[in-house]
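For reference, the chains in residue letters:
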Amino acid sequence: MSNKYYDGAKLLSLMDMNGQKPEIYIVDSNRTAGKTTYFSRLQVNRFLKKGAKFAVLYRFKEEIKGDMSTKYFSDIQKLFFKKYYMRHERKEGGLYAEFFIGKANDPEDKGESCGYAIPLNSSDKIKRLSHLFSDIDSILFDELQPENSVYVPNEVEKFLSIHTSIARGNGEQKRYVPVYMCTNPVSLVNPYYVQLGISERINDETKFLRGDGFVMEKHFNASASNAQKESGISKAFSKNKYTDYGAEGIYLNDSSAFIEQPTGQSVYVCTLRYKGRDYAIREFTEQGIVYCDDRVDSTFSNRISVTTDDHQTNYVMLKRNDFFLSNLRYFFEQGAFRFKNLQCKEVVMQALSYK
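Thresholds, definitions, all that
- Residues numbered from 1 in each chain as written.
- Predicted model: local features only at pLDDT ≥ 70, side-chain atom pairs only at ≥ 80, totals over all residues.
- Heavy atoms only, no water.
- Helix = DSSP H or I, 4+ residues; strand = E, 2+ residues; numbered from the N terminus.
- Contact = heavy atoms within 4.5 Å.
- Expected span 1.5 Å × (residues − 1).
- Buried < 20%, exposed > 50% of the residue type's maximum accessible area, 1.4 Å probe, protein only.
- Salt bridge = Lys/Arg side-chain N within 4 Å of Asp/Glu carboxyl O.

### Comments concerning the environment of L48
Summarising the element assignment, L48 is placed in helix α2 (residues 35-50). Apart from residues no more than four positions distant in its own chain, L48 is found in contact with F81, Y84 and I101.

### Focus: helix α5 (residues 155-166)
Taking 1.5 Å per residue as the helical rise, α5 with its twelve residues ought to reach 16 Å, and the 17 Å between its terminal C-alpha atoms agrees with that figure. Buried residues of α5: E155, V156, F159, S161, I162, H163, S165 and I166, and no others. For α5, the elements touching its buried residues are β2 (53-58), β5 (112-119), α4 (123-128), β6 (136-141), β7 (179-183) and α6 (191-196).

### With respect to unusual backbone geometry
One non-glycine residue, E92, lies in the positive phi region at around 50°. Within the secondary structure, E92 sits in the loop between β3 (84-91) and β4 (96-103). One non-glycine residue with positive phi stands out, namely N154, at about 55°. Among the structural elements, N154 can be located in the loop between β6 and α5.

### Brief notes about the pattern of salt bridges
Under the defined criterion, the tally for this structure stands at 13 salt bridges. Here K91 makes a salt bridge to E98, at a shortest N to O gap of 3.6 Å. Given a relative accessible area of 23%, K91 falls into the partly exposed group. For E98, a relative accessible area of 11% corresponds to the buried category. Linking R282 and D293 is a salt bridge whose minimum nitrogen-to-oxygen distance equals 2.8 Å. Taken as a pair, R282 in strand β12 (residues 277-284) and D293 in strand β13 (residues 289-293) lie far apart in primary sequence, eleven residues in all. Each member of the pair R282 and D293 is classed as buried. Because the salt bridges share partners, they merge into one network encompassing R87, E89, K91 and E98.

Written out as structure tokens, the structure is:
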């Protein structure tokens with residue numbers, strides 16, 4: 001593949017923080033860098049050479065109604081698989097779709113089953129059909145972060161359920177089934193980054209990040225960036241933040257979240273309880289800054305528990321404060337949050353994450 005496009009060989013060669021082979025590979029890069037093309041091609045090549053079937057994850061069942069095979073295969077077919085075609089069949093009343101690949105110049109070739117398109121929001125029904133997916137060897141999850149930040153309710157739990165359903169069978173309680181997650185830089189407080197602990201660890205210098213069971217690559221494709229900058233549309237809308245997101249790899253819904261101490265007069269807003277400790281949220285109104293530290297006013301009545309494990313007397317559950325959270329999230333997305341340290345940053349990331 002040309003150097004203009006993404007190459008995942010380095011990411012796939014990495015071990016996780018424990019020196020073990022990871023089961024989750026994440027690549028986060030600017031748009032049109034070629035990451036989806038790379039992993040789609042990898043999956044098809046593995047099927048053609050080894051018979052390794054694959055799955056492609058979508059969020060909603062409604063997405064399965066579209067032309068799934070064209071959506072997945074059209075770009076890589078033109079580049080790498082001109083001798084092949086792909087079709088799909090919807091199964092179980094449209095619950096999921098099955099992909100078939102065959103020789104393009106053979107009208108008698110109906111194609112061989114090579115993979116599946118599976119929606120996250122049907123995880124309960126997929127669980128009952130898990131025996132059908134025991135031949136899946138890898139999973140591609142493209143658009144891990146939707147630009148509109150609309151996730152399936154309890155999405156991470158449903159993702160884990162889908163993976164568990166796929167990774168059982170063939171005489172084993174748990175098979176190794178790697179997941180390739182591709183994403184554009186939308187928000188640091190997306191539920192996957194928060195739960196994997198990426199949100200509080202990633203910074204402008206991050207290239208590769210090792211975690212427990214996963215590895216992540218923060219990739220920037222200069223060729224894709226320059227191509228987008230030179231387009232007439234990008235030039236015309238150069239002041240729109242979406243242009244920075246597409247070309248520069250800047251998080252669309254976040255600005256830089258700084259660890260620094262603001263000065264001046266502040267107003268105490270609330271106390272957040274997280275992992276058994278209390279943290280203070282203050283607003284520096286003249287500067288338009290919201291700040292989190294651990295200097296708590298124990299007499300202040302507005303106390304919020306971030307998780308159910310933190311809930312206790314005189315604290316209100318986070319889920320009952322949607323309007324308040326929306327206001328705090330607005331400050332975060334405008335780059336107006338500051339933190340005393342990484343622990344305080346983690347608390348806010350957890351509180352503001354899209355559940």
